[in-house]
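Each chain, letter by letter, is given below.
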Amino acid sequence: MANREPVLAPVPIADLRPTQMTVGYREVAEKRRRWRDYDDDKRAAFLGAHMVPTLLGPKKHHYVIDHHHLSRALLEEGVESVLVTVVADLHHLDKDAFWTVCDHKSWVHPYDAEGVRAGFKDIPKAMVDLADDPYRSLAGELRRAGGFAKDTTPFSEFLWADYLRRHVKAKRIENDFSAALEEAMALAKASETSYLPGWCGPTA
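The text that follows walks through the structure, step by step, so that each part is easy to find. (Residues numbered from 1 in each chain as written. Predicted model: local features only at pLDDT ≥ 70, side-chain atom pairs only at ≥ 80, totals over all residues. Heavy atoms only, no water.)

1. A look at helix α1 (residues 25-37)
Part 1 of the argument: The first and last C-alpha atoms of α1 sit 19 Å apart over 13 residues, in line with the 18 Å expected at 1.5 Å per residue.
Part 2 of the argument: Of all the positions in α1, only Glu27, Val28 and Trp35 are classed as buried. Taken around the axis of α1, the buried residues stretch over an arc of 100 degrees, which confines them to a single face.
Part 3 of the argument: Against β2 (22-23), α2 (40-49), α3 (68-76), α5 (134-144) and α6 (156-165) lie the buried residues of α1. (Helix = DSSP H or I, 4+ residues; strand = E, 2+ residues; numbered from the N terminus. Expected span 1.5 Å × (residues − 1). Buried < 20%, exposed > 50% of the residue type's maximum accessible area, 1.4 Å probe, protein only. Arc of directions from axis to C-beta. Contact = heavy atoms within 4.5 Å.)

Below you can see the structure in the form of structure tokens.
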């Protein structure tokens, strides 16, 4: 794998390609709210400190491997470009080989809003086309509330989302997010979730 090299020229967010199919829209909205609270100086410092990690893929497209929520939020807030860090240059590969490498390196998460694995061809080609997965929002809020710790496992919050999808009713998330979070917190402290990344164990 190549060393990370910052790309000094900004890359338009509209040109960035996702490596996943969904984001949590509630989480995107929260990142938008925080962005609107920043003044111009803080926004500039934030963008300088949050370069987006990408793979240089076929036709030299930049494929995002982290910060999908941030990229979508900035796009919705009218930010045109971000600085990126190229994690690996794979532009010489054809598309099939590229996705195979991504799959083996855990650089892609081709699961739809129902948690079902799809084909690589079904991954959106633009941030604006990412679908909403409410369980990803619930998992993100659960982590921020201390339900589990931030972890280096790729797509760790999607693993939690998949677990929550099987135990928390979608209607509860839609109708009473606070109650859904309370239920998720209880589940997160149970021993049966100890296999999940960032598990913090029971509270007592």
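2. As for the side chain of Arg136
Part 1 of the argument: Relative to the helices and strands, Arg136 is located in helix α5.
Part 2 of the argument: In terms of polar contacts, Arg136 uses its side chain to reach the side chain of Glu157, at 2.4 Å.
Part 3 of the argument: What Arg136 contacts, discounting residues up to four positions off in sequence, is Val23, Gly24, Glu27, His69, Glu157, Phe158 and Ala161. (Polar contact = N/O pair within 3.5 Å; in protein donor to acceptor, adjacent residues only side chain to side chain.)

3. With respect to the pattern of salt bridges
Part 1 of the argument: For the coordinates displayed, the defined rule picks out 18 salt bridges.
Part 2 of the argument: A salt bridge links Asp133 to Arg165; the shortest N-O distance between them is 2.8 Å. Here the residue Asp133 occupies a position in the loop between β6 (131-132) and α5, and Arg165 occupies one in helix α6, the gap between them amounting to 32 residues.
Part 3 of the argument: Take Asp133: its relative accessible area is 1%, and that puts it in the buried class.
Part 4 of the argument: Since its relative accessible area comes to 19%, Arg165 is described here as buried. (Salt bridge = Lys/Arg side-chain N within 4 Å of Asp/Glu carboxyl O.)

4. Structural notes on the packing of α5 against α6
Each pair of packed helices can be described by the angle between their axes along with the distance between the axes.
Part 1 of the argument: Packing of α5 against α6 leaves a shortest axis separation of 8 Å and a crossing angle of 115 degrees. The angle between α5 and α6 falls in the class roughly perpendicular. When you trace α5 past α6, the crossing you get is right-handed. Contact residues: Tyr135, Arg136, Leu138, Ala139, Gly140, Leu142 and Arg143 in α5; Glu157, Phe158, Trp160, Ala161, Leu164 and Arg165 in α6.
Part 2 of the argument: Taken together, the residues of the contact of α5 with α6 break down into eight nonpolar, one polar and four charged. (Axes fitted to C-alpha atoms, helices over the stretch in contact; angles between N-to-C directions. Parallel < 35°, antiparallel > 145°, perpendicular 65-115°, else oblique. Left-handed = near helix turned anticlockwise from the far one by under 90°. Nonpolar A, V, L, I, M, F, W, Y, C, P; charged D, E, K, R; others polar.)

5. Remarks on the environment of Pro18
Part 1 of the argument: Locating Pro18 in the fold gives a position in the loop between β1 (5-12) and β2.
Part 2 of the argument: Take Pro18: its relative accessible area is 1%, and that puts it in the buried class.
Part 3 of the argument: Sequence separation between Pro18 and Phe46 is 28 residues, and the spatial gap between their C-alpha atoms is 21 Å.
Part 4 of the argument: Once residues lying within four places of it in the same chain are set aside, the contact partners of Pro18 are Tyr63, Val64, His68, Trp99, Ile123, Pro124, Lys125, Ala126, Met127 and Leu130.

6. Considering α6
Part 1 of the argument: Most of α6 is tucked away: eight of the 10 residues are buried.
Part 2 of the argument: Taken residue by residue, α6 has Ser156, Glu157, Phe158, Trp160, Ala161, Tyr163, Leu164 and Arg165 as its buried positions.
Part 3 of the argument: Those residues of α6 hidden inside the fold are in contact with β2, α1, α5 and α8 (177-188).

7. Quick notes on unusual backbone geometry
Part 1 of the argument: Located in the positive-phi region is Lys59, a residue other than glycine, with phi close to 60 degrees.
Part 2 of the argument: Among the structural elements, Lys59 can be located in the loop between β3 (52-56) and β4 (62-64).
Part 3 of the argument: Exposure remark for Lys59: the relative accessible area of 75% places this residue in the exposed category.
Part 4 of the argument: Unlike most non-glycine residues, Phe155 shows phi in positive territory, near 55 degrees.
Part 5 of the argument: Structurally, Phe155 is set in the loop between α5 and α6.

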